[in-house]
Amino acid sequence: MTEDLTGQPPGPAGPDPYDNRRQVLYWRLLARLFDGEEQPALESASLGVVEDIGLPSALLDPGTSLDSVVQRHPELADEFDGLMTPDDDAAGSRDRAAEVRRAALVSKVLLNVFATGSSTVTAEQLARWQSDAGWLERALGGTPGGLRGGRAAGAGLDAGGLGPELAAIEADLVGRMRLREVLADPALAARLTPSMSLIEQLLRDKGNLSGVALANAKSLIRRYVDEVAEVLRTQVEKATVGELDRSVPPKRVFRNLDLDRTIWKNLTNWSPEEERLYVDRLYYRHTVRRTTPQRLIVVVDQSGSMVDSMVNCTVLASIFAGLPKVDVHLIAYDTRSIDLTPWVHDPFDVLLRTNLGGGNDGPVAMAMARPKIAEPKNTVMVWISDFYEFDRSQPLFEGIEAVHRSGVKFIPVGSVTSSGRQEVNPWFRERFKALGTPVVSGHVNKLVHELKTFLT
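Here goes a summary of the coordinates provided.

The rules behind these values
- Residues numbered from 1 in each chain as written.
- Predicted model: local features only at pLDDT ≥ 70, side-chain atom pairs only at ≥ 80, totals over all residues.
- Heavy atoms only, no water.
- Helix = DSSP H or I, 4+ residues; strand = E, 2+ residues; numbered from the N terminus.
- Buried < 20%, exposed > 50% of the residue type's maximum accessible area, 1.4 Å probe, protein only.
- Polar contact = N/O pair within 3.5 Å; in protein donor to acceptor, adjacent residues only side chain to side chain.
- Contact = heavy atoms within 4.5 Å.
- Salt bridge = Lys/Arg side-chain N within 4 Å of Asp/Glu carboxyl O.
- Core = buried A, V, L, I, M, F, W, Y, C linked by side-chain atoms within 4.5 Å.
- Phe/Tyr/Trp six-rings, centres within 6.5 Å; stacked < 30°, edge-to-face > 60°.
- Lys NZ or Arg CZ within 6 Å of the ring centre and 35° of its normal.

A few points about the side chain of S393
Next up, step 1: Looking at where S393 falls in the secondary structure, it is placed in helix α16 (residues 393-405).
Next up, step 2: Taking the relative accessible area as the measure of exposure, S393 reaches 9% and is therefore buried.
Next up, step 3: Within polar-contact distance, the side chain of S393 engages the backbone oxygen of F390 at 3.0 Å.
Next up, step 4: If sequence neighbours within four positions are ignored, S393 has contacts with N425, W427 and F428.

Now the structure itself:
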């Protein structure tokens, strides 16, 4: 018989208490996710584990929001941040007690986000779920809204494709809410937090709203558009800009004075006796950047699956329309096309004029877009769609090919989301690649970079 380092024979191998505790917590989580009824044995065992490790029993109550838990126990706030992206421990240095604690916190986050029931949803319940989803996004190392393609997104968070699932849950909750009744009550409407799923529902239902309900719907849309615009405007400002145009003399004003260069160039005029530098010439920095008048034509598919693209594109178009020497045109289409250029400076007004849903007819949109091309070499055409045109695929591609060969900078985009999701008809994807115009990644940051680089 072998002996351990103390000289004593090893005892019989028993169950690991830490693994047992983690299993109890995760079995309870699975049971509650797939069956809303409590399992008394699992509930009792989980309560014993949570209390034994010094965590509040509120973590086991599905009716308690994460905001409430953190408000009562503020010391837990930091533990939820990055909770599901823990640092890799060195081999052999696992903190088994910490793993049990993490299992309890993770179970709370997942249960609150994914156990949504099937009954009618109130405005308060939707707001609570949105907040809990924000805690999940924080636990995954992102920011609230980062996975669902919300206004604060843009960090490149992927989390294994979880974003579409969260967006689908949120859309289901919005669909189960008596939205018209909520909008008709200013107190209830004030509890709503604008999100992509909510904006989609508002845009679909705007024709059935009137009076106070319509005013509250417009207020929510305006809030969301303004928040998206703030984020995208910052991204546009940070994007690459044009090279300095040294053919234009620098403006001789104090803020452009290049002090270091002025001193360096006049050092020969230094008087040791007087300890004074005499300046013969002042030097100024070039600040004018090389720009060429450009025309930007944005064509966006407004079918139901493209609502996030519609919101982002209308906001982006308005931002670029504000740049000097950029002439922006905006066209939306489904089976018909509509020229939204007169309202391009106000994305809110554009969205109220859209009619989400239905099929799509790309050739109809191309027929409206092509006459807008005045100087092909100075024109960018951005086409946002999943390009599922069915029997109209060949005519649309032939139109795109002709536009590209005329000298227009053609940029096909699968979608314009904050999460980067996109789906593109493989038939079109291969032909765009062969044409030398590969589909731009669906992340809004990539499109901002592409456009800013070309337009400035």
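Examining the pattern of salt bridges
Side-chain pairs of opposite charge can arise where the charged atoms are in close proximity.
Next up, step 1: Tallied over the entire structure, the rule returns 21 salt bridges.
Next up, step 2: In this structure, the salt-bridge partner of D52 is R21, at a minimum N-O distance of 2.3 Å. Highlighted residues: D52 in helix α2 (residues 40-52) and R21 in helix α1 (residues 17-34), separated in sequence by 31 residues.
Next up, step 3: Salt-bridge contacts for E124 lead to R191; the nearest nitrogen and oxygen are separated by 3.5 Å. Linking E124 in helix α6 (residues 123-139) with R191 in the loop between α9 (186-189) and α10 (196-205), this pair joins segments that are 67 residues apart in sequence.
Next up, step 4: Salt bridges sharing partners connect three or more residues here, namely D19, R22, R96 and E99.

Overview of the nonpolar core
Next up, step 1: If you look at the biggest cluster of nonpolar residues, it comprises 88 residues, and the most contacted ones within it are F80, M177, L183, L192, L202, L296 and V382.
Next up, step 2: Setting aside residues no more than four positions away along its own chain, L192 makes contact with A123, L126, M177, L179, V182, L183, L198, L220 and R223.

Looking at the packing of aromatic side chains
Next up, step 1: Under the definition given, this model contains 10 aromatic pairs.
Next up, step 2: Taking 5.0 Å as the distance between ring centres and 70 degrees as the angle between the ring planes, the aromatic pair formed by F387 and F432 counts as edge-to-face. Note that F387 is positioned in the loop between β6 (379-384) and α16 and F432 in helix α17 (residues 426-435), a separation of 45 residues in sequence. Each member of the pair F387 and F432 is classed as buried.
Next up, step 3: Measuring from ring centre to ring centre gives 6.0 Å for F410 and F432, while their planes differ by 40 degrees; the resulting arrangement is tilted. In this pair, F410 is assigned in strand β7 (residues 409-413) and F432 in helix α17, connecting sequence segments 22 residues apart. Both residues of the pair, F410 and F432, count as buried.
Next up, step 4: One aromatic cluster is present, formed by F387, F397, F410, W427, F428 and F432 through successive ring pairs.
Next up, step 5: The ring centre of W135 lies 4.0 Å from the NZ or CZ of R138, which sits over that ring.

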